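Fold and geometry: a report
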Amino acid sequence: MSEIQTKDLEGQVALVTGATSGIGRAVAFQLAAQGATVVVHGRDVDRATQVLEEIELSGGQARFVATDISTTDGVRKLVDEAGDIDILVNNAGVAWFGPSVDLDADGFDALFDSNVRAPYLLVAAFAPAMVAKGNGSIISISSMAGLVGLAGGAAYGATKISLVGLTRAWAAEYSPSGVRVNTIASGPVYTASDPARTKATGDTTLLGRAAQPEEIANVVGFIASPRASYVTGAVIPVDGGRTAI
Ligand SMILES: NC(=O)c1ccc[n+]([C@@H]2O[C@H](COP(=O)([O-])OP(=O)(O)OC[C@H]3O[C@@H](n4cnc5c(N)ncnc54)[C@H](OP(=O)(O)O)[C@@H]3O)[C@@H](O)[C@H]2O)c1
């Protein structure tokens, strides 16, 4: 975690799905550094333990909820165990790239179950309490793969542009009650994914490189905070300028 942080999320609880790895892990560190109590979600207990230890060593607060959000029961368990939250970061997701003919119906459904259905069910479950409080921030991690055509990314890109549609509709539904809903459309980031693909995609950006997870997490930290109090319904590219060209 960086040394100087604005503690602008003190007293708030943030649920970060898929916080055991990659972008979600960096987001969990960032929100904890801003003073939020973070509910770290994922499935891998060992990596979750490391995330919790690192947050606690840095003086932050976090706890772990383990569920598989590709299932209805898994989403329900997460909602029950997370409790009352102020910030929801829909980050957990899976990517699949390849010829469309190679992705069968079950594989297609699996992408939508984790990347679209789970965020939908989570927002439906958590937003009403945020509305009742008149305050909340919902951030989904989309991808530039939903905004530009990438060969091999048809189904994955479809899941990510779905988050854009959901975000705009949710902003219309919830922002009049004080709940901000935004999406970050990330460019390529060095995480668990294929590093050669990540580098190759990074080379096509205006900055000529892929991102580190912290470069996405910094923007999430801003959007989650009161400093972004007038930002809602936005699709924010954090992609090294790739979708500008
Ligand atoms: N990396 C990129 O270049 C990039 C670019 C644009 C957008 N994104 C988006 O950013 C998000 C994070 O990507 P990443 O690259 O950081 O991924 P990652 O390193 O593979 O991490 C994925 C995280 O999601 C969790 N997860 C996945 N499916 C889950 C399920 N069914 N139930 C519970 N947890 C689940 C994993 O938890 P466990 O391992 O503990 O199960 C893990 O914590 C995804 O939505 C992805 O589409 C990534």
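Please refer to the structure placed before this passage.
Now for a description of the structure that goes with this document.

Calculation notes
- Residues numbered from 1 in each chain as written.
- Predicted model: local features only at pLDDT ≥ 70, side-chain atom pairs only at ≥ 80, totals over all residues.
- Heavy atoms only, no water.
- Pairing = 2+ DSSP bridges.
- Helix = DSSP H or I, 4+ residues; strand = E, 2+ residues; numbered from the N terminus.
- Axes fitted to C-alpha atoms, helices over the stretch in contact; angles between N-to-C directions.
- Contact = heavy atoms within 4.5 Å.
- Core = buried A, V, L, I, M, F, W, Y, C linked by side-chain atoms within 4.5 Å.
- Buried < 20%, exposed > 50% of the residue type's maximum accessible area, 1.4 Å probe, protein only.
- Left-handed = near helix turned anticlockwise from the far one by under 90°.
- Nonpolar A, V, L, I, M, F, W, Y, C, P; charged D, E, K, R; others polar.
- Expected span 1.5 Å × (residues − 1).
- Arc of directions from axis to C-beta.
- Polar contact = N/O pair within 3.5 Å; in protein donor to acceptor, adjacent residues only side chain to side chain.
- Near = heavy atom within 4 Å.

**A look at the sheet that holds strand β1 (residues 13-16)**
- Pairing within the open sheet is parallel, and its seven strands lie in the order β3-β2-β1-β4-β5-β6-β7. Two strands in the sheet have a free side with no partner beyond their single neighbour: β3 (61-66) and β7 (235-238). Mean inter-strand twist for the sheet, computed between neighbouring axes without regard to direction, equals 20°.
- Two elements, strand β4 (residues 87-90) and strand β5 (residues 136-143), share four bridges in a ladder whose sense is parallel. Bridge pairing in β5 places N90 opposite S140.
- Contacting β1, β4, β5 and β6 (179-186), helix α4 (residues 105-133) crosses the sheet at an angle of about 170° to β4.

**With respect to the nonpolar core**
- Of all hydrophobic cores here, the largest spans 34 residues; its most connected members are V27, L31, V38, V40, I55, V89 and I184.
- Residue assignment for this core shows that the elements contributing at least two residues are β1, α1 (22-33), β2 (37-42), α2 (45-57), β4, β5, α7 (213-224) and β7.
- If one sorts the elements of this core by residue count, α1 sits on top with seven residues.
- V116, L163, Y174 and V179 belong to the second largest nonpolar core, which has 27 residues in total.

**Looking at the packing of helix α3 (residues 72-82) against α4**
- Direction vectors running N to C along α3 and α4 enclose 35°, while the axes themselves pass 10 Å from each other. By crossing handedness, the relation of α3 to α4 is classed as right-handed. For the pair formed by α3 and α4, the contact residues are T72, V75, L78, V79 and A82 on the first element and R117, A118, L121, L122, A125 and F126 on the second.
- Its residues assigned to classes, the contact of α3 with α4 comprises nine nonpolar, one polar and one charged.

**As for α2**
- For α2, which comprises 13 residues, the first-to-last C-alpha distance of 18 Å matches the rise-based estimate of 18 Å (1.5 Å per residue) to within 8%.
- For α2, the full list of buried residues reads A48, V51, L52 and I55. Looking down the long axis of α2, one finds its buried residues gathered within 95° of arc, a one-sided arrangement. Turned more than 90 degrees away from the buried face of α2, the exposed residues are D46, Q50 and L57.
- The inward-facing, buried residues of α2 contact α1, β2 and β3.
- N-capping of α2 is provided by D44, with a side-chain oxygen placed 3.1 Å from the backbone N of D46.

**Some points on α7**
- The terminal C-alpha atoms of α7, which comprises twelve residues, lie 16 Å apart, in line with the 16 Å expected from a rise of 1.5 Å per residue.
- Of the residues making up α7, those classed as buried are P213, I216, A217, V220, G221, I223 and A224. All buried residues of α7 fall inside an arc of 165° around its axis, so they share one side.
- If you follow the buried residues of α7, they end up packed against α1, β4, β5, β6 and β7.

**Focus on the site of the ligand**
- Near the ligand there are 31 residues, and of these T20, S21, R43, Y156 and T191 occur at the shortest range.
- One nitrogen or oxygen atom from the side chain of R43 is found 2.5 Å from an oxygen atom belonging to the ligand.
- Elements with a contribution of two residues or more to the shell around the ligand: α1, β2, β5 and α5 (154-174).
- In terms of residue count, the dominant contributor to the shell around the ligand is β5 (three residues).
- The residue inventory of the shell around the ligand, partitioned by class, reads nine nonpolar, 17 polar and five charged.

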